[in-house]
Amino acid sequence: MNEPPRVLRSLPPEGAGSSVGRPGGGPQHAARNYAIVTAAYWGFTLTDGALRMLVLLHFYRLGYSPFTLAFLFLLYEAAGVLANLVGGWLATRHGIARMLAVGLVTQILGFGLLSALDPGWTATMAVAWVVVAQGICGVAKDLTKTASKSAIKLTQAQFQAEANEQGAGQLFKWVAWFTGSKNAMKGIGFFLGGVLLEVLGFRGALWVMAGLLALVLAGVLLALPPMMGRKKASGSVRELFAKSPGINALAAARVALFGARDVWFVVGVPVFLYSAGWTFTMVGTFLAGWTIAYGLVQALAPQIVRRSADGLSREVPAARLWSALLALIPAALAVAVWLQAPGLEWVVVGGLGLFGFVFAVNSSVHSYLVLAYAGSEKAAEDVGFYYAANALGRFIGTLLSGLLYQWGGLLYALVGSAAMLLACWLVTLALPLERHDAARAAP
């Protein structure tokens, strides 16, 4: 039997007390729980993608400026920073399945508040109401994401221990499939949002999505062990933030990576295409197709990136290489926009496709690395910290997407994206090639 990969060598088999699987259930139950968590997150992501398109297109149709459109999503993104940190700690303390259920309930509450929006309200009142409701949905999204990604680490650890699987390769496959399929569902959600807005209107679409999530919630409550993933949580703020060098560097890179995507994707691309004569359905369909293809590439990342026995020696250089390649794409597009290249609309569409391919590989490698660096005892806290950085990047990117597009159109948004990706590449140079456990403060 080959020696287990170094990055996962310290991971003990999860016992019955952790409820990763049912006691004595074996790797079949670990794989079963992985499948249930993935399916639940699919349902959540479908409605989350539809929500983004509903809000963006509905309020653009009402005449809101690019900055105001971005402002509608600011609390949604900002709430995710705290939600990830607290959600990781709560998932460790109370169990991953419970936090997944809390995230679904919170999203249903957010949909209910949005559906109560009164067309007769003033613009200020309407914006304030939507921002608060979006903030609740942002909390829901990141509670659900942290719980779901943490479940992968736990179920993979048990699967490896009981089936004698090569941990690094198995973990990369599970993470890539989970992340890729999730983004494919988000793309379908973009399309669904555009269609539901056309067919049912803003309020009717929200009610339908709330009903779908209620079904997903029932499945989670009935199918997952309630104490799944419960561990002893950190006892102090200092202990909660005591992360390994790998987690810290990766979190910083994630801020820049997702900021660079959202700085031109949240407002710039949809508004640019709509102003070029595209209809709401055309914009939603294109963004849906882009996101689905992006998710498929993420799922195929283990076949694109060569894997190493220790799980880091090839994967870390791959993160550096793909970050450098990604930075070149918005820089080249910015030049094309500045020169007003012929057929600029299709140049942007083609450039976005190339950007999506390279970004998908980057994101998949990052999502794998955070779990490779994470410890098994407090994986949910490590994942929560990392995705708090992810949410911070989205917040910065969303804010800049409205400001830069309003100041200088798509050109400024692309320049901002290229600058952030340069920062991302520089940070990846600090990623360690070995896994080091953080020095935790004593409880």
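To be clear, the structure that these remarks concern was listed above.
Because the structure is a prediction, the values reported are computed rather than measured.

**Here's the deal with the overall build of the chain**
Next, step 1: When helices and strands are tallied, the chain shows 14 helices and 0 strands.
Next, step 2: Walking the chain from its N terminus toward its C terminus, one meets helices and strands in the order α-α-α-α-α-α-α-α-α-α-α-α-α-α.
Next, step 3: Evaluated residue by residue, the chain yields a buried proportion of 61% over its 443 residues.
Next, step 4: Nonlocal contacts in the chain, meaning residues at least 24 apart in sequence, comprise 88% of its contacts between residues at least 6 apart.
Next, step 5: Of the roughly 16100 Å² of accessible surface on the chain, a fraction of 69% belongs to carbon and sulfur atoms.

**Quick look at the packing of helix α10 (residues 268–275) against helix α13 (residues 344–373)**
Next, step 1: Taken N-terminus to C-terminus, the directions of α10 and α13 make an angle of 150 degrees; their axes are 11 Å apart at the nearest point. Of the possible angle classes, the one that applies to α10 and α13 is roughly antiparallel. Like other packed secondary-structure pairs, α10 and α13 cross with a definite hand, here left-handed. Residues V269, F272 and L273 of α10 form the contact with α13, whose participating residues are L344, E345, V348, V349 and L352.
Next, step 2: When the residues that make up the contact of α10 with α13 are grouped by side-chain class, the tally is 7 nonpolar, no polar and 1 charged.

**Remarks on the side chain of S115**
Next, step 1: Relative to the elements of secondary structure, S115 occurs in helix α4 (residues 96–115).
Next, step 2: Residue class for S115 comes out buried when judged on its relative accessible area of 9%.
Next, step 3: Aside from chain neighbours lying at most four places away, what touches S115 is R203, L206 and W207.

**Digging into the nonpolar core**
Next, step 1: In this structure, F59, L72, F202, W264 and L369 are the most contacted members of the largest nonpolar core, which totals 111 residues.
Next, step 2: Examining the composition of this core, we find that 16 residues originate from one element, α13, more than from any other.
Next, step 3: Not counting chain neighbours up to four residues away, the residues in contact with F202 comprise L54, V55, H58, F59, L114, L117 and L197.

**Describing helix α12 (residues 315–338)**
Next, step 1: With 24 residues, α12 extends 36 Å from end C-alpha to end C-alpha; this agrees with the ideal 34 Å at 1.5 Å per step.
Next, step 2: Two residues or fewer after α12 comes Q340, characterised by a positive phi angle close to 50 degrees.

**A few points about unusual backbone geometry**
Next, step 1: Backbone geometry at Q340 places phi at a positive 50 degrees, although glycine is not the residue there.
Next, step 2: You can see Q340 is positioned in the loop between α12 and α13.
Next, step 3: Since its relative accessible area comes to 55%, Q340 is described here as exposed.

**Observations concerning a nonpolar patch on the surface**
Next, step 1: Taken together, the side chains of V199, L200 and V208 present a nonpolar region at the surface, about 270 Å² in accessible area.
Next, step 2: Here L200 shows up in the loop between α6 (167–199) and α7 (201–223).

The rules behind the values
- Residues numbered from 1 in each chain as written.
- Predicted model: local features only at pLDDT ≥ 70, side-chain atom pairs only at ≥ 80, totals over all residues.
- Heavy atoms only, no water.
- Helix = DSSP H or I, 4+ residues; strand = E, 2+ residues; numbered from the N terminus.
- Buried < 20%, exposed > 50% of the residue type's maximum accessible area, 1.4 Å probe, protein only.
- Contact = heavy atoms within 4.5 Å.
- Areas by Shrake-Rupley, 256 points an atom, 1.4 Å probe, with all protein chains shown as cover.
- Axes fitted to C-alpha atoms, helices over the stretch in contact; angles between N-to-C directions.
- Parallel < 35°, antiparallel > 145°, perpendicular 65-115°, else oblique.
- Left-handed = near helix turned anticlockwise from the far one by under 90°.
- Nonpolar A, V, L, I, M, F, W, Y, C, P; charged D, E, K, R; others polar.
- Core = buried A, V, L, I, M, F, W, Y, C linked by side-chain atoms within 4.5 Å.
- Expected span 1.5 Å × (residues − 1).
- Patch = residues over 30% accessible without salt bridge, like charges linked within 9 Å, V, L, I, M, F, W, Y side chains within 5 Å.
- Salt bridge = Lys/Arg side-chain N within 4 Å of Asp/Glu carboxyl O.

Bear in mind that shape data such as this cannot, by itself, settle questions of function.
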